[in-house]
Amino acid sequence: NQMEWFRALQDMKEKNKVDLVFNCADLGIYREIAFESHIASFMEVLKIPFTGSGSAVLRSTLDKYITKLYTQEMGIPTPQVQLLSQWDEVGDGMSEKRNGQKFPVILKQRNSYGSYGMTKDSVMYTPEQVHDKVKEIQGKKGDLTQWVLEEYLEDAEFKELSCFFVGNVTRS
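Because the structure is predicted, anything quoted here is derived from the model rather than measured. (Residues numbered from 1 in each chain as written. Predicted model: local features only at pLDDT ≥ 70, side-chain atom pairs only at ≥ 80, totals over all residues. Heavy atoms only, no water.)

S.K.: Whenever I open this one, the overall build of the protein confuses me. Can you help?
M.R.: Helices and strands together make up the secondary structure of the protein, namely 5 helices and 6 strands. Helices (α) and strands (β) of the protein occur, in sequence order from the N terminus, as α-α-α-α-β-β-β-β-β-α-β. In the protein, 59% of the contacts between residues at least 6 apart in sequence involve partners at least 24 apart. (Helix = DSSP H or I, 4+ residues; strand = E, 2+ residues; numbered from the N terminus. Contact = heavy atoms within 4.5 Å.)

S.K.: Even after reading the chapter, I still don't get the sheet that holds strand β6 (residues 147–151), so can you show me in this structure?
M.R.: For sheets, the rule is that strands pair by backbone hydrogen bonds, running either parallel or antiparallel. Strand order in this open sheet of 4 strands is β1-β6-β4-β5, and the pairing throughout is antiparallel. In this open sheet, the two strands that pair with only one neighbour each are β1 (81–83) and β5 (123–124). Direction of pairing for strand β4 (residues 105–109) relative to β5: antiparallel, over a ladder of 2 bridges. Pairing of Val105 across the sheet is with Met124, part of β5. Against the sheet, helix α4 (residues 64–73) touches β1, β4 and β6, its axis set at about 145° to β1. (Pairing = 2+ DSSP bridges. Axes fitted to C-alpha atoms, helices over the stretch in contact; angles between N-to-C directions.)

S.K.: Is there a simple way to explain the pairing of β4 in this structure?
M.R.: Regular strands have side chains that alternate between both faces of the sheet. Burial analysis of β4 places 4 of its 5 residues in the buried class, which makes it a mostly covered element. Here β4 runs beside β6; their pairing, made up of 5 bridges, is antiparallel. By the bridge assignment, Ile106 is partnered in β6 with Glu150. (Buried < 20%, exposed > 50% of the residue type's maximum accessible area, 1.4 Å probe, protein only.)

S.K.: Would you take a moment to explain the pattern of salt bridges for this structure?
M.R.: If the charged atoms of two oppositely charged side chains come close together, the side chains can form a pair. Within this structure, the stated rule accounts for 7 salt bridges. Where Lys68 meets Glu150, a salt bridge forms, and the shortest distance between an N and an O atom there is 3.5 Å. With Lys68 in helix α4 and Glu150 in strand β6, the pair connects residues that are 82 residues apart, well separated along the chain. Residue Lys68 shares its accessibility class with Glu150, and that shared class is buried. The shortest N-O distance in the salt bridge between Lys120 and Asp121 comes to 3.5 Å. (Salt bridge = Lys/Arg side-chain N within 4 Å of Asp/Glu carboxyl O.)

S.K.: Just checking my understanding: could you explain unusual backbone geometry for this structure?
M.R.: Most peptide bonds are trans, and most residues other than glycine sit at a negative phi. We note that Lys47 has phi near 60°; this positive angle belongs to a residue other than glycine. Tracing the chain through its elements places Lys47 in the loop between α2 (36–46) and α3 (55–61). For Lys141, which is not glycine, the phi dihedral falls at a positive 60°. Along the chain, Lys141 falls in the loop between α5 (127–139) and β6.

S.K.: Can you walk me through the pairing of β6 in this structure?
M.R.: By the criterion of burial, β6 is predominantly enclosed, with 4 of the 5 residues buried. Of the pairings in the sheet, the one linking β1 to β6 comprises 3 bridges and is antiparallel in character. By the bridge assignment for β6, Leu83 is matched with Val148.

Written as structure tokens, this is what we have:
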């Protein structure tokens, strides 16, 4: 129960047994990603210093569409994105670009963690494939606002991509 966890933390704070919480709970409470921001919220309410992002940031990053809009607003280059519900099925042609969307595209669940739920069929190369996916989701009574259609970046663009952690030594 979340409230038991909260009360235990509150008790520890009142007894001065906690100075700082290292928030490593990236899967939330009880491995429920929707509860990831709750841990930060508890810390904020109890005024306990903690590491990591605050609850508002954690909530917003669970929404792929909102995260992309924030990223674009900050001027950071990011693939083109739209909600599947914004897809214009009556578009004027089946060229490389339709409705301003470049192909290929990748379809992602809007509020899922990482690549959860994506398959090889998530990458679509034609407007017809997107149209078929729209019909499939609607046939299951799915909500098109819960799906994000994003420009898919081919592997070739990432061949030279390298990641690092600040403080790591350079390997030769």
